[in-house]
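Below are the chains, spelled out letter by letter.
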Amino acid sequence: MLIDTYGRVATDLRVSLTDRCNLRCTYCMPEEGLQWLAKPDLLTDDEIVRLIRVAVTQLGVGEVRFTGGEPLLRPGLVSIVERCAALEPRPRMSLTTNGIGLQRTARALKDAGLDRVNVSLDTLRPEVFQTLTRRKRHQDVLDGLEAARAAGLDPVKVNAVLMPGLNDDEAPDLLAWAVRNGYELRFIEQMPLDAQHGWTRDGMVTAGDILATLRTRFDLTPEGDEVRGAAPAERWLVDGGPARVGVIASVTRPFCRACDRTRLTADGQVRTCLFAREESDLRGALRAGEPDEEIARLWKLAMWGKKAGSGLDDPSFLQPDRPMSAIGG
Ligand code: SAM
Ligand code: SF4
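Residues numbered from 1 in each chain as written. Chains lettered and ligands numbered in written order. Predicted model: local features only at pLDDT ≥ 70, side-chain atom pairs only at ≥ 80, totals over all residues. Heavy atoms only, no water.

Caption draft 1: Quick look at the overall build of the protein chain. Looking only at helices and strands, the protein chain features 11 helices and 14 strands. When the 329 residues of the protein chain are sorted by exposure, 53% land in the buried category. In the protein chain, the share of contacts with a sequence separation of at least 24, taken over all contacts with a separation of at least 6, comes to 72%. Surface summary for the protein chain: the accessible area is close to 14100 Å², and the carbon and sulfur share equals 50%. Averaging the positions of the 44 positive and the 48 negative side-chain charges in the protein chain gives two centres separated by 2 Å. (Helix = DSSP H or I, 4+ residues; strand = E, 2+ residues; numbered from the N terminus. Buried < 20%, exposed > 50% of the residue type's maximum accessible area, 1.4 Å probe, protein only. Contact = heavy atoms within 4.5 Å. Areas by Shrake-Rupley, 256 points an atom, 1.4 Å probe, with all protein chains shown as cover. Lys, Arg positive; Asp, Glu negative; His and termini not counted. Charge placed at Lys NZ, Arg CZ, Asp CG, Glu CD.)

Caption draft 2: Quick look at the pattern of salt bridges. This model, assessed by the stated rule, comprises 24 salt bridges. A salt bridge links E223 to R235; its shortest N-O distance comes to 2.9 Å. Residue E223 is located in the loop between β9 (220-222) and α8 (225-228), and its partner R235 is located in strand β10 (residues 234-238); the two are separated by 12 residues in the primary sequence. In this structure, the salt-bridge partner of R253 is E234, at a minimum N-O distance of 3.0 Å. Taken together, the residues span a long stretch of sequence, with R253 in the loop between β11 (244-248) and β12 (261-264) and E234 in strand β10 at a distance of 19 residues. (Salt bridge = Lys/Arg side-chain N within 4 Å of Asp/Glu carboxyl O.)

Caption draft 3: Expanded view of the site of ligand 2. As a structural note, the neighbourhood of ligand 2 is formed by C21, L23, C25, C28, G69 and N98. When the residues that make up the shell around ligand 2 are grouped by side-chain class, the tally is four nonpolar, two polar and no charged. (Near = heavy atom within 4 Å. Nonpolar A, V, L, I, M, F, W, Y, C, P; charged D, E, K, R; others polar.)

Caption draft 4: Quick look at the layout of surface pockets. For the second largest pocket, the calculated volume is near 270 Å³. Around the second largest pocket sit 14 residues that line it, and L17, K39, L42, R74 and P75 are the ones nearest its centre. In terms of residue class, the lining of the second largest pocket is built from eight nonpolar, two polar and four charged. (1 Å grid on protein atoms, 1.4 Å probe; cavity = no way out; pocket = protein on both sides within 12 Å on 5 of 7 lines; lining within 4 Å. Points joined across faces, edges and corners; volume = space filled by probe spheres on them.)

Caption draft 5: Examining the UniProt feature "binding site: [4Fe-4S] cluster 1" (unreviewed entry) in the protein chain more closely. UniProt records the feature "binding site: [4Fe-4S] cluster 1" (unreviewed entry) for C21, C25 and C28 in the present numbering. Here C21 falls in the buried class, since its relative accessible area comes to 17%. Aside from chain neighbours lying at most four places away, what touches C21 is M29, W36, E70, L73 and N98. Those residues within four positions of C28 in sequence are excluded, and the remaining contacts are L193, D194, A195, Q196, P323, M324 and S325. (UniProt positions renumbered as here; feature names shortened; annotations may be inferred.)

Caption draft 6: Geometry of the site of ligand 1. Taken together, 18 residues surround ligand 1, and among them Y27, G69, E70, S120 and M191 come closest. A distance of 3.0 Å separates a nitrogen atom of ligand 1 from a polar atom in the backbone of G69. Interatomic distance of 2.8 Å between a backbone N/O atom of M191 and a nitrogen atom of ligand 1. Coverage of ligand 1 by the protein amounts to 95% of the 530 Å² it exposes when considered alone. When residues of the shell around ligand 1 are traced back to their parent elements, those giving at least two are β5 (92-97) and β7 (156-161). By residue class, the composition of the shell around ligand 1 is six nonpolar, 10 polar and two charged. (Polar contact = N/O pair within 3.5 Å; in protein donor to acceptor, adjacent residues only side chain to side chain.)

As structure tokens, then:
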């Protein structure tokens, strides 16, 4: 098991498949100038599948989420999913994507064994989308979402980050749209993980702000901790249900005590937390020909050193060197 000194057990693995992206969301990447990982440094498809196999068959991981950067940019994605679906025990698999290209790949991903998808969409207004992502791809995301639903990926969740002065007035509209379309909406508080290091606590929209705005139009009933488990989202029933809305308040209501995550970057580094400043290299061991048992040992050792919390509230908090896109969100 991947256990740490606080007794937490990591069963949920986030795998970043690439640090590259076809959008440039302001809270994630600068317009230009971000250095991409060099191709030889990236794990190959075989190396990724091998690490997931070790995690699933030897370390108790039951949940695998593919992310990035933009995971749909990875040419081998469908085959990686297919190979992971053949593992015993079969992990549950999900994808976090900006949705661009999902229109073409949703069916193949579902057929390969993908269970669920989260599509990031922060606004219903194409012009605001362009300001937020610096690209004119709003319709592609909407098409991707529809394709995901049509392919039977279930549930289809939508992730939204609210930015002051840009889309913070849109929370109720986004929720009404999500409920109408059968998507489960989750708001994510903006975190200090942008490549430009431009985040400030005063300049972010908090969970409290979001809930207050939503309550101007909807009746929200808390779902309760027993339903939440280790999930980072706190959830509310919307107007009595069955529709739900979630808020991931990583900054103002951290959920580190229940964290069950382990992370793998596209260049084969284990991270114990989004905000960790240390990484543990598995790629070197893979390429040195070490057996699975040694990879598992190194992974366990890395997780044993997981810190109690993100450290966000500590005055000495330092943002990780790598941005969200390189860590894998
Ligand atoms: N490109 C894919 C996407 O956008 O869904 C996957 C990677 S992205 C880094 C994963 C999630 O992290 C997205 O929902 C995105 O909105 C969110 N995200 C990125 N930067 C963030 C930040 N600074 N604070 C909070 N969420 C962030
Ligand atoms: Fe790309 Fe996702 Fe980052 Fe936006 S949040 S720039 S879509 S990796």
